[in-house]
Amino acid sequence: MPLATGSEILEAARAGSYGVGAFNTNDMEITQAVLEACESSRSPVLLSLSEGALKYGGKALVDMVLSMGRDASVPVCVHLDHGSSFESCVRCIRMGFTSVMIDKSHEDEETNIAETKRVVEVAHAAGVTVEAEIGRLGGVEEHVVVAEEDAILTKPDEAERFMEQSGADYLAIAIGTSHGANKGKGRPYIDHKRIREIAALLPHPLVMHGASGVPTYLVERLNAAGGQLKDASGIHEDDVREAVKHGIAKINTDTDLRIAFTAAVREVLLEKPKEFDPRKILGPARDLMREVVLERLQVFGSAGKA
Ligand code: 13P
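Along every chain, residues carry numbers that run from 1 in the direction the sequence is written. Only residues with pLDDT of at least 70 are given local features in this predicted model, and only at 80 or more are side-chain atom pairs given and counted; all residues enter the totals for whole chains, interfaces and linings. Only hydrogens and water are removed before side-chain values are computed, so all heavy atoms of the structure are retained for them.

Focus on the environment of aspartate 277
Okay, so step 1: Along the chain, the position of aspartate 277 falls in the loop between α11 (255–271) and α12 (278–300).
Okay, so step 2: When the C-alpha positions of aspartate 277 and leucine 47 are compared, they lie 28 Å apart, and in sequence the two are 230 residues distant.
Okay, so step 3: Counted as a polar contact is a pair of N or O atoms within 3.5 Å, where, for protein atoms, one must be capable of donating a hydrogen and the other of accepting one, and residues adjacent in sequence contribute only when both atoms are in side chains. In this structure the side chain of aspartate 277 is engaged in a polar contact, spanning 2.9 Å, whose partner is the backbone nitrogen of arginine 279. We count a stretch as a helix when DSSP gives it H or I for four or more residues in a row; a strand needs E for two or more, and each element gets its number in order from the N terminus.

Set out below in structure tokens:
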């Protein structure tokens, strides 16, 4: 079936109060793991490619992901993650992506609005929907002084102004999460009040970046097989569930699949030193990633929605 746009998948999610996974992919095994998990649980999904992924896999990767997405039996959107420029977004729209993110969150408000608007105009003309971002991703300690928190996290009034003026379709908000496997000491603080306030002002789907759970069992497997992932921490499942209840519709996950992939590959190489068939090394990685995606989909609540 044709690929779905981001809005088609995410507006249904926001209206139905469930979350949809946006999983980063760089290769065949990750893409298969995500799609197999989504098909078996009947979940819609976004397959995200970053500019780093595009550089790594080029047109071959894009063609493969687009084709696998179209062949899936559930709604699939192919999305550009953290597009850094108008040109980068246009390139992906021309290649057949059905959603792009323009990330000018590091610029001032006026520039972010103007640059986002430029992308929205061409994307919408091509039937593609757009994600934008305001605020700075990054962990914050609970109970820091409000002025400090406000300097980093998304301000509700700014979010409302931004969406009205930019015309973007869904918005990534900074609420205390951060990318990677070290999201802060203990259980990272998520500003749920801020999510509720933003969601009360905006009908748009909201996006949570840096949402990986970094499960302890995966980190332990990785380290037991020779990995050295220290001080790992992720977003608690209950925080993801609560965020979804209040308006988060798109949940980005990359790190959890990276850890699963590497843990499984390390285990094979450690346990079977005579093995040199890539399929016997990458196959178990694909299996473990599929299990991890399935666990995530249960938390998001998207199982059975496709
Ligand atoms: P994680 O590093 O938590 O998986 O987040 C990925 C992400 O937000 C990609 O945009």
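The structure having been displayed, the exposition proceeds.
Thoughts on the site of the ligand
Okay, so step 1: Around the ligand, 14 residues are found, and the nearest of them are Lys183, Gly210, Ser212, Asp254 and Thr255.
Okay, so step 2: At a separation of 3.4 Å, an oxygen atom of the ligand approaches a polar side-chain atom of histidine 82.
Okay, so step 3: The separation between an oxygen atom of the ligand and a polar main-chain atom of aspartate 254 is 2.7 Å.
Okay, so step 4: About the coverage of the ligand: the protein hides 96% of its 310 Å² of free accessible area.
Okay, so step 5: Secondary-structure elements contributing two or more residues to the shell around the ligand are β3 (76–83) and β8 (248–253).
Okay, so step 6: Looking at side-chain class alone, the shell around the ligand contains one nonpolar, ten polar and three charged residues. We call a residue near a molecule or strand whenever a single non-hydrogen atom of that residue lies within 4 Å of it. For every accessible area listed, the method is Shrake-Rupley and the probe measures 1.4 Å; residues are considered covered only by the protein chains on display. In this classification, Asp, Glu, Lys and Arg are treated as charged, Ala, Val, Leu, Ile, Met, Phe, Trp, Tyr, Cys and Pro as nonpolar, and every other residue, Gly included, as polar.

Quick word on the pairing of strand β6 (residues 170–173)
Okay, so step 1: For each residue, the accessible area found with a 1.4 Å probe, counting protein chains only, is set against the maximum for its type, and the residue is called buried under 20%, exposed over 50%, and partly exposed in between. Alternating positions in β6 separate into two faces, Tyr170 and Ala172 on one and Leu171 and Ile173 on the other, with burial throughout.
Okay, so step 2: Of the strand pairs in this sheet, β6 and strand β7 (residues 206–208) are connected by two bridges, and their pairing is parallel. By the bridge assignment, alanine 172 is partnered in β7 with valine 207.
Okay, so step 3: A crossover links β6 with its parallel partner β7, the connecting element being helix α8 (residues 192–201), and its sense is right-handed. Strand pairing is assigned whenever DSSP detects at least two bridges linking the two strands. Call a crossover right-handed when, viewed with both strands pointing away from you, the route from the first strand across the helix to the second goes clockwise.

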